[in-house]
Amino acid sequence: MAETVLFESESARSRSEIAAALRDVADKLDGGDPVTFAAGDENVTVDPPASPTFEIKVERETGSGPDEMSFELEVEWDKGDGADADGDLRIE
């Protein structure tokens, strides 16, 4: 299955700024509201259904440089289950 990236933002942030962004998303999910991700003039709005799939993944990448650690939080659902539409990351 082909994957199309609708929105992507990557920048160095403090742990506190990351936590605030995650809280903004959590508040939207908890309230049943759509979530808009925006950076510069790009944005995407998603409206997950009531019971999407939630995945947590922790990875270690090794190779030519120092090891890199990461964790990913993913909320996933079939397209028909929720709506989606077409700078600095903002959660609106």
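Scroll up a little and you will see the structure.
None of the values given here were measured: they were computed from a predicted structure.

Asks: I keep staring at the overall build of the protein and nothing clicks. Help me out?
Replies: A count of helical and extended segments in the protein gives one helix and six strands. Burial status across the protein gives 12% buried among its 92 residues. Total accessible area on the protein stands at roughly 7500 Å², and carbon and sulfur atoms take up 48% of it.

Asks: What should I look at first to understand the pairing of strand E3 (residues 53-61) in this one?
Replies: Regular strands show a simple pattern: their side chains alternate between the two faces of the sheet. As judged from the nine bridges shared by E3 and strand E4 (residues 68-76), these two strands associate in the antiparallel manner. Within the sheet, the bridge partner assigned to valine 58 lies in E4 and is phenylalanine 71. Between E3 and E4, which follow one another and run antiparallel, lie six residues.

Asks: Is there a simple way to explain a negative patch on the surface in this structure?
Replies: Residues Glu3, Glu8, Glu10, Glu55, Glu61, Glu68, Glu72, Glu74, Glu76 and Asp78 make up a contiguous surface patch of negative charge. At the level of secondary structure, the elements contributing two or more residues to the negative patch comprise E3 and E4. Among the elements that take part in the negative patch, E4 stands out by supplying four residues, more than any other. Counting through the fold element by element, glutamate 68 comes out in strand E4.

Asks: Hey, could you run me through the side chain of threonine 36 in this one?
Replies: Tracing the backbone shows threonine 36 in strand E1 (residues 35-39). Looking at threonine 36, the relative accessible area reads 13%, which means it is buried. Reaching out from threonine 36, the side chain makes a polar contact with the side chain of threonine 45 at a distance of 2.7 Å.

Asks: Is there a simple way to explain helix H1 (residues 15-31) in this structure?
Replies: Because an α-helix completes one turn every 3.6 residues, residues spaced three or four positions apart along the sequence face the same direction. For H1, built from 17 residues, the straight-helix expectation of 24 Å at 1.5 Å per residue is met to within 8% by its first-to-last C-alpha distance of 24 Å. A positive phi of about 75° marks glycine 32, the residue just after H1.

Asks: Teacher, can you tell me more about a nonpolar patch on the surface here?
Replies: A surface patch of nonpolar side chains, amounting to about 990 Å² of accessible area, comprises Ile18, Leu22, Leu29, Phe54, Ile56, Val58, Met69, Phe71, Leu73 and Val75. Those elements that provide at least two residues to the nonpolar patch are H1, E3 and E4. Sort the elements by how many residues they give to the nonpolar patch and E4 lands first, with four residues. Along the chain, the position of valine 75 falls in strand E4. Its relative accessible area of 34% is what places valine 75 among the partly exposed residues.

Conventions used here
- Residues numbered from 1 in each chain as written.
- Predicted model: local features only at pLDDT ≥ 70, side-chain atom pairs only at ≥ 80, totals over all residues.
- Heavy atoms only, no water.
- Helix = DSSP H or I, 4+ residues; strand = E, 2+ residues; numbered from the N terminus.
- Buried < 20%, exposed > 50% of the residue type's maximum accessible area, 1.4 Å probe, protein only.
- Areas by Shrake-Rupley, 256 points an atom, 1.4 Å probe, with all protein chains shown as cover.
- Pairing = 2+ DSSP bridges.
- Patch = residues over 30% accessible without salt bridge, like charges linked within 9 Å, V, L, I, M, F, W, Y side chains within 5 Å.
- Salt bridge = Lys/Arg side-chain N within 4 Å of Asp/Glu carboxyl O.
- Lys, Arg positive; Asp, Glu negative; His and termini not counted.
- Charge placed at Lys NZ, Arg CZ, Asp CG, Glu CD.
- Polar contact = N/O pair within 3.5 Å; in protein donor to acceptor, adjacent residues only side chain to side chain.
- Expected span 1.5 Å × (residues − 1).

Read these as layout, nothing more, since geometry by itself doesn't imply function.
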